[in-house]
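Residue-level structure breakdown
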Amino acid sequence: SETGDTMGYSCRSSGVLGASKLIVTGRTKLVSIHAALFVTGGDAVTINVFDGTDNTGTKIAMISSATNGYHNLEYDMHGVLCNTGLFLEVAEAGSSTVNVSIEFN
């Protein structure tokens, strides 16, 4: 096809983020969450995704770990409808870190 979409399906991405951010405002569909967690010293990391423009909206996904190591996760969200927007909240403790991308339509 002209757009290079050989599968007939595409979505937008937030790009890889390491901090809280408003991803998009307005009605959208959450397609997937890709997360790379690096946990050291048992210091927890948490990712929350909200249907909203901040962290007071409806929480629709949460990823959290306090288990030492590198964790690479993908959550297929099957196009969950979000009416207000998508807000990503990242919480890191100690030297533990998070990198996450949000795919949406």
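Located above this text is the structure these notes cover.
Quick notes on the rules
- Residues numbered from 1 in each chain as written.
- Predicted model: local features only at pLDDT ≥ 70, side-chain atom pairs only at ≥ 80, totals over all residues.
- Heavy atoms only, no water.
- Helix = DSSP H or I, 4+ residues; strand = E, 2+ residues; numbered from the N terminus.
- Rg over C-alpha atoms; globule rule 2.2 N^0.38 Å.
- Buried < 20%, exposed > 50% of the residue type's maximum accessible area, 1.4 Å probe, protein only.
- Contact = heavy atoms within 4.5 Å.
- Areas by Shrake-Rupley, 256 points an atom, 1.4 Å probe, with all protein chains shown as cover.
- Pairing = 2+ DSSP bridges.
- Core = buried A, V, L, I, M, F, W, Y, C linked by side-chain atoms within 4.5 Å.

**Here's the deal with the overall build of the protein chain**
If you tally the helices and strands in the protein chain, you get 0 helices and 8 strands. Along the protein chain, helices (α) and strands (β) appear in the sequence β-β-β-β-β-β-β-β when read from the amino end. Compactness check: the protein chain gives a C-alpha radius of gyration of 14 Å against a globular reference of 13 Å for 105 residues, within 12% of the reference. With the C-alpha coordinates of the protein chain rotated into their principal frame, the extents come out at 50 × 30 × 20 Å. Each of the 105 residues in the protein chain was classed as buried or not, and the buried ones make up 36%. Considering only intrachain contacts with a sequence separation of at least 6, the fraction spanning at least 24 residues in the protein chain is 79%. Accessible surface, the protein chain as shown: approximately 5700 Å² in total, 50% of it carbon and sulfur.

**Concerning the sheet that holds strand 1 (residues 12–13)**
Spatially, 4 strands are ordered 1-8-3-6 in an open sheet, and the strand pairing comes out antiparallel. Each edge of the open sheet is held by one strand with a lone partner, namely strand 1 and strand 6 (69–82).

**Here's the deal with the nonpolar core**
The biggest cluster of nonpolar side chains holds 22 residues, and the ones touching the most others in it are Ile33, Ile47, Val49, Leu86, Leu88, Val100 and Ile102. When residues of this core are traced back to their parent elements, those giving at least two are strand 2 (21–25), strand 3 (28–39), strand 4 (45–51), strand 5 (58–65), strand 6, strand 7 (85–92) and strand 8 (97–104). Per-element tally for this core: the top contributor is strand 3, with 5 residues. Discounting residues that sit within four places of it in the chain, Leu86 has contacts with Lys21, Leu22, Ile23, Val24, Thr28, Leu30, Val49, Phe50, Gly52, Ile60, Ile102 and Phe104.

**A short note on the pairing of strand 5**
Two elements, strand 4 and strand 5, share 7 bridges in a ladder whose sense is antiparallel. The partner of Asn48 across the bridge, within strand 5, is Met62. Where strand 4 folds back onto strand 5 in an antiparallel hairpin, the turn is made up of 6 residues.

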